[in-house]
Every structure is written in C-alpha cells, then in structure tokens.
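Results of the structural survey
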Amino acid sequence: GTERVRRIAEWLGLRPLGWIFSYPGDKQDRFAEDGLPLWSQEVVDGARLQIERMKTVDQVEGRPFVSLAMDSSSGSTEAFQLSDVSVQMVAEE
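Our subject in this report is the structure included herewith. (Residues numbered from 1 in each chain as written. Predicted model: local features only at pLDDT ≥ 70, side-chain atom pairs only at ≥ 80, totals over all residues. Heavy atoms only, no water.)

Here we come to the pairing of strand β3 (residues 77-80). As judged from the four bridges shared by strand β2 (residues 66-71) and β3, these two strands associate in the antiparallel manner. Residue pairing across strands places Ser67 opposite Phe80, the latter belonging to β3. (Pairing = 2+ DSSP bridges. Helix = DSSP H or I, 4+ residues; strand = E, 2+ residues; numbered from the N terminus.)

Take a look at the structure:
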C-alpha cells in the first residue's frame with residue numbers, strides 16, 4: 001500500500017509528490033462531459049492522498065501534489081492538480 005511506497009521512496013531519497021491511476025482507454029463513456037478522464041471518485045481519492053501528505057510533512061510542502069491519469073491501452077498520460085477548494089471540501093466531509 002501507500003506506506004510501503006513511502007518507505008521505498010524514503011530509502012531512495014525521494015518524496016512522493018502525487019499519484020497515478022489508469023483507466024481503460026477503449027471506453028469512451030469513461031470520459032466526463034468535458035472530455036477529461038477524471039471523475040469525482042478520482043478527485044476524492046487524490047484529495048485524500050494530498051491531505052495525508054500534508055499531515056505527514058506540513059501544509060506548505062504537502063500542497064504541491066499531482067494526479068496523473070494514464071490511458072492503459074495507449075499509455076497517454078495527462079496531469080492534473082486539484083484545486084485548494086476541492087481538497088478542503090474532502091477534508092471537511
């Protein structure tokens with residue numbers, strides 16, 4: 001899980017700055033109305049991971065956080081940064 005990744009990164013002298021998830025690229029219904037492969041569940045998951053990071057380090061260092069969405073059939077990857085408001089909404093739920 002997440003803790004194992006954190007330990008490996010620390011051992012290598014690295015710090016995680018985000019997460020990556022894949023989606024099946026052959027399903028057009030996977031995309032939101034705006035054509036982006038990011039749905040509400042990925043926003044919530046990314047925000048939870050960012051909140052966890054902000055608790056582990058501090059709020060300033062934990063703020064830079066990226067979500068990568070990868071098409072599993074082509075390998076095409078898009079990067080997203082969640083808004084402060086979305087992270088705050090998840091933190092308050």
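On to helix α1 (residues 2-11). With respect to burial, α1 is a largely exposed element, only one of its ten residues being buried. Directly after α1, the chain includes Gly13, whose backbone phi takes a positive value near 80°. (Buried < 20%, exposed > 50% of the residue type's maximum accessible area, 1.4 Å probe, protein only.)

With respect to topology, three strands assemble into an open sheet ordered β1-β2-β3, the strand pairing being mixed. Both edges of this open sheet fall to β1 (18-23) and β3, since each of them pairs with a single strand only. Between one strand axis and the next, the sheet turns by 20° as a mean value, whatever way the strands run. Running over the sheet, helix α2 (residues 40-56) touches β1 and β2 and is turned about 155° from β1. (Axes fitted to C-alpha atoms, helices over the stretch in contact; angles between N-to-C directions. Contact = heavy atoms within 4.5 Å.)

A few words on the pattern of salt bridges. For the coordinates displayed, the defined rule picks out two salt bridges. Glu93 serves as the salt-bridge partner of Arg48, at 2.9 Å between the closest nitrogen and oxygen. Of the two residues, Arg48 sits in helix α2 while Glu93 sits in the segment after α4 (84-91), which places them 45 residues apart along the sequence. Its relative accessible area of 62% is what places Glu93 among the exposed residues. Put simply, Arg63 and Asp84 hold a salt bridge, and the shortest N to O gap is 2.4 Å. Residue Arg63 is found in the loop between α3 (59-62) and β2, and its partner Asp84 is found in helix α4; the two are separated by 21 residues along the sequence. Of the residues examined, Asp84 reaches a relative accessible area of 43% and is grouped as partly exposed. (Salt bridge = Lys/Arg side-chain N within 4 Å of Asp/Glu carboxyl O.)

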